[in-house]
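A closer look at the structure
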Amino acid sequence: MKKKQKPETKMRLITLTIMLLLSVHIINAQTSILNIYPEIKLPKDSLESKYLISSLNKFLIAAQADAKINEWVYQPEFLQTTLLLDEIEGIQKKEDSLFYKPYLLDITPIEKEQYAIQISYLRIIGKTPSTRAIIELIAHKIEDKYLFSSPLMHNTKSWRSTSVESFTFHYQDTADIKKAKKYQKLTAFYDKKLNLKPKEVHFYLFKDGSISQSHFGLLYKIDYNGIGNNLTWSVKLKEQEIYALNESNLTGFDPHDLWHNRLRQVMSRRKVNHAVDEGIATLYGGSWGLNWQEMFAEFQNQIQFDKHTDWLKLREQKSYFETPGHKNPTEFMITALFVKKIENENGFSAVMELLNAKEEETYFKALEKLTGITKNNYNKEVWKLVKEEITNKI
């Protein structure tokens, strides 16, 4: 039999419940997702506080949808803020039937009508809190509301910058600008072939070993626990791109891999002919630290070909030659020669047609259309191209 509670006991329970509910209160409950502890020091001006918290809620709600159309982002620093938006988009999705919820950790005035804000995304498992991420924002007052940005520009305002065409490199003290310019030049070379329009591109180059994500406002994310300082952060918009990375990741770039990266801007890896893709990358970017001429010399020395070489058989057998630590398919080198011939005669748009011919039958149809080379005359025509390349080397 249940024991009946006294009226005063019920009142104490109701009062206690209300106090517990108020321990983490939510402003504007119908649209708010931000949890605020009573100990947090909000701006003394109650109207100012209202504007700030209301705007922050709207920013956080918009951040869970499409980061690229968040109207609560401070537009002069939109590009720099996309790095952070990309990391918090969808962070509140259900996981094990629980949500990560944003909790306000700190609001600190930094300049007139500007605040540095820290937010933690938490959930409770049993009685144990679990932190998914901690982020930092800069609030900028615009009339009767606030807009928000990443702290990246604030944290790097004393840095230097160097612009090369549409590329801008930001760095703290010194950077290998010569290598950075080489990267820009080769990127422009590839992009021209792929008909990619020039973009405004910003690189924030951090010293090796530094944790770059904290500079753009990602103070912590469990996904990157222990590996954050080895990652490259990037966002690609229609007319802009931004990267935050360790300097050596840029200046130590691989020209071969850069081709693959630029091609992915226009074609999926699943849709390209792998041998043609590798042939182009080797022709223009070399492979494994060797340039095209060095690769061809190794190819010539090891395959020991002549006018009687059965190139079609070598293709079917998937033959290869070796460079230090790597096996290189013969087919990649021959395909590179096809690419060279096609581009010289018909331009790179014709090369794209061969690149799109993924299946074997489709590939030979495209090759015949573009060069007149078939399986019947394959050995004869390949030998012509090989001899021409040898002659060009001398």
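Described below are features of the structure shown in this document. What you are looking at is a predicted structure, and each value in this text was computed from that prediction instead of being measured.

1. Quick notes on the packing of helix H8 (residues 274–285) against helix H12 (residues 348–355)
Contact geometry for H8 and H12: axes closest at 9 Å, N-to-C directions at 140 degrees. Taken as axis vectors, H8 and H12 run oblique relative to one another. Along the contact surface, H8 presents Val-276, Asp-277, Ile-280 and Tyr-284, while H12 presents Phe-348, Val-351, Leu-354 and Leu-355. When the residues that make up the contact of H8 with H12 are grouped by side-chain class, the tally is seven nonpolar, no polar and one charged.

2. Structural notes on the nonpolar core
Counting 62 residues, the largest nonpolar core has Phe-203, Trp-311, Tyr-378 and Val-386 as the members making the most contacts within it. Looking at this core element by element, the count peaks at seven residues for helix H11 (residues 330–346). Not counting residues up to four positions away in its chain, the partners in contact with Phe-203 are Phe-167, Thr-168, Phe-169, His-170, Tyr-183, Tyr-243, Leu-245 and Leu-250. Counting residues in each nonpolar core, the second largest holds 45 residues, with Leu-52, Tyr-74, Tyr-100 and Leu-147 among its members.

3. Remarks on the packing of H11 against H12
Between H11 and H12, the shortest axis-to-axis distance is 7 Å and the interhelical angle comes to 140 degrees. One way to sum up the angle between H11 and H12 is to call them oblique. Between H11 and H12, the contacting residues are Val-339, Ile-342, Glu-343 and Asn-346 on the first element and Phe-348, Ser-349, Ala-350, Val-351 and Leu-354 on the second. Partitioning the contact of H11 with H12 into residue classes produces six nonpolar, two polar and one charged.

4. Considering the pairing of strand S10 (residues 233–236)
The alternating pattern of S10 places Trp-233 and Val-235 on a buried face, while none of Ser-234 and Lys-236, on the opposite face, is buried. Where S10 lies against strand S11 (residues 240–246), four bridges are found, and the strand directions are antiparallel. Within S11, the residue paired with Trp-233 across the bridge is Ala-244. Hairpin connection from S10 to S11: three residues lie between these consecutive antiparallel strands.

5. A few points about the pairing of strand S7 (residues 167–171)
Counting buried residues in S7 gives five out of five residues, a clear majority hidden from the surface. Going residue by residue along S7, you find Phe-167, Phe-169 and Tyr-171 tucked away on one face and Thr-168 and His-170 tucked away on the opposite face as well. Here five bridges tie strand S6 (residues 160–164) to S7, and the two strands are oriented antiparallel to one another. Note that in S7 the partner of Val-164 across the bridge is Phe-167. Linkage of S6 to S7, two consecutive antiparallel strands, is achieved through a turn of two residues, within which Glu-165 is found at a positive phi near 55 degrees. Relative to strand S8 (residues 200–206), S7 runs parallel, the two sharing five bridges. Bridging from a neighbouring strand, Phe-167 pairs with Val-201 of S8.

Scoring rules and cut-offs
Residues numbered from 1 in each chain as written. Predicted model: local features only at pLDDT ≥ 70, side-chain atom pairs only at ≥ 80, totals over all residues. Heavy atoms only, no water. Axes fitted to C-alpha atoms, helices over the stretch in contact; angles between N-to-C directions. Helix = DSSP H or I, 4+ residues; strand = E, 2+ residues; numbered from the N terminus. Parallel < 35°, antiparallel > 145°, perpendicular 65-115°, else oblique. Contact = heavy atoms within 4.5 Å. Nonpolar A, V, L, I, M, F, W, Y, C, P; charged D, E, K, R; others polar. Core = buried A, V, L, I, M, F, W, Y, C linked by side-chain atoms within 4.5 Å. Buried < 20%, exposed > 50% of the residue type's maximum accessible area, 1.4 Å probe, protein only. Pairing = 2+ DSSP bridges.

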